[in-house]
Amino acid sequence: MRNIQIVSGIALIALSFTSCKDEKQENAKKTIDAYVTYVDSVKNVAADDLKADWKDVDAEYNRRAENAQLALADIKDNAAETEKINTSKVKYEEFKNEMAAVLAPAPTAKQQLRNALFGEGKIGDDMSFAWVNAQNIHSVYQQFVHTVENNKDSYSREDWDEIKMMYEALDSRKNTVEKEGLTSEDNRKIAGLKLKFAPMYTLNRMGAKSDETAAAKK
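We now turn to the structure provided with this report.

Rules used throughout
Residues numbered from 1 in each chain as written. Predicted model: local features only at pLDDT ≥ 70, side-chain atom pairs only at ≥ 80, totals over all residues. Heavy atoms only, no water. Helix = DSSP H or I, 4+ residues; strand = E, 2+ residues; numbered from the N terminus. Buried < 20%, exposed > 50% of the residue type's maximum accessible area, 1.4 Å probe, protein only. Areas by Shrake-Rupley, 256 points an atom, 1.4 Å probe, with all protein chains shown as cover. Axes fitted to C-alpha atoms, helices over the stretch in contact; angles between N-to-C directions. Parallel < 35°, antiparallel > 145°, perpendicular 65-115°, else oblique. Contact = heavy atoms within 4.5 Å. Nonpolar A, V, L, I, M, F, W, Y, C, P; charged D, E, K, R; others polar. Salt bridge = Lys/Arg side-chain N within 4 Å of Asp/Glu carboxyl O. Phe/Tyr/Trp six-rings, centres within 6.5 Å; stacked < 30°, edge-to-face > 60°. Lys NZ or Arg CZ within 6 Å of the ring centre and 35° of its normal. Left-handed = near helix turned anticlockwise from the far one by under 90°.

Counting its secondary structure elements, the chain contains seven helices and zero strands. Counting over 218 residues, the chain shows a buried share of 31%. Looking at the chain as shown, the accessible area adds up to about 14000 Å², and 53% of this sits on carbon and sulfur atoms.

Here is the structure:
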């Protein structure tokens with residue numbers, strides 16, 4: 001009788017251990033599923049609608065991601081769960097990149113003008129023209145002058161002052177580029193663009209100043 005009781009006790013302990021182990025594994029899977037669901041729910045919200053609460057959303061993601069990663073240790077065959085986590089990580093990182101664009105501060109009026117004249121982000125506060133070389137300088141002048149020509153009626157006096165400063169900086173870069181193999185053909189085309197720009201700047205800069213003076217008197 002005593003042997004039967006001992007065997008029964010061992011079986012009960014083993015069953016209890018298995019039950020606890022199964023419960024732990026199920027809870028681990030639930031933690032991972034909750035993480036996956038959270039990522040999907042975040043991705044279903046428009047990026048603009050999350051701007052105000054983004055820090056909290058991202059902090060909650062990090063907490064759930066950490067818990068999901070720890071939960072893997074409680075799952076014996078966790079290849080499928082690992083795949084779930086990795087897939088959700090990729091989804092979230094893609095969405096996070098979208099949010100970075102939404103949260104980025106809007107460019108100033110001066111930066112918008114520089115973007116229009118040279119291309120998005122080409123000229124920043126450092127005023128570096130190192131990207132301009134003998135191969136592309138003609139196209140840079142071309143974009144600059146044509147952009148000014150197309151928008152000359154909308155520029156303020158401050159805009160024209162910025163344009164003049166950018167033009168002089170580009171000219172300075174040309175002096176360097178000429179020593180790096182600028183072709184005579186490109187040099188000739190650039191000279192033509194410069195001849196077009198000079199009177200256009202003078203006339204419109206004066207016009208913008210006159211308009212602002214007249215507006216101030218009203």
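This brings us to the packing of helix α4 (residues 109–118) against helix α5 (residues 137–151). Running from N to C, α4 and α5 cross one another at 120°; their axes reach a closest spacing of 7 Å. One finds that α4 runs oblique with respect to α5. Residues Asn115, Ala116, Leu117 and Phe118 of α4 form the contact with α5, whose participating residues are Val140, Gln143, Phe144, Thr147 and Val148. Along the lines of polarity and charge, the residues of the contact of α4 with α5 split into six nonpolar, three polar and no charged.

Looking now at the pattern of salt bridges. Side chains carrying opposite charge are able to pair once their charged atoms draw close together. If you walk through the whole model with that rule in mind, you get 16 salt bridges. As a salt-bridge pair, Lys164 and Glu168 come within 3.4 Å of each other at their nearest N and O atoms. Here Lys164 and its partner Glu168 are both found in helix α6 (residues 157–177), four residues apart, which amounts to about one turn of the helix. Relative accessible area serves as the criterion here: at 44%, Glu168 is assigned to the partly exposed category. Between Arg188 and Glu185 there is a salt bridge, and its shortest N-O distance comes to 2.7 Å. One end of the pair is Arg188 and the other is Glu185, both in helix α7 (residues 184–217) and three residues apart, which spans about a single turn.

Taken as a whole, this structure holds 13 aromatic pairs when the rule is applied. Measuring from centroid to centroid gives 5.5 Å for Phe118 and Phe144, while their planes differ by 40°, and the two rings are tilted. Taken together, the positions of Phe118 in helix α4 and Phe144 in helix α5 put the pair 26 residues apart, joining distant regions of the chain. Both residues of the pair, Phe118 and Phe144, count as buried. Ring centres of Phe144 and Tyr167 lie 6.0 Å apart, and the angle between their planes is 35°; on these two criteria the pair is classed as tilted. Remark: Tyr167 occurs in helix α6 and Phe144 occurs in helix α5; sequence separation between them is 23 residues. Taken together, the ring pairs connect Phe118, Phe129, Trp131, Phe144, Tyr155, Trp160, Tyr167, Phe197 and Tyr201 into an aromatic cluster. Directly above the aromatic system of Trp131 lies the positively charged group of Lys122, at a separation of 4.6 Å from the ring centroid.

The contact between α5 and α6 brings their axes to 11 Å, and the two run at 165°. Taken together, α5 and α6 sit at an angle that is classed as roughly antiparallel. The handedness of the crossing between α5 and α6 comes out as left-handed. Contact with α5, carried on its side by Ile137, Val140, Tyr141, Phe144 and Val148, involves Trp160, Ile163, Met166, Tyr167, Leu170, Asp171, Lys174 and Val177 of α6 and no other residues of that element. Looking at side-chain class alone, the contact of α5 with α6 contains 11 nonpolar, no polar and two charged residues.

Purely spatial values, then, with no claim about function.
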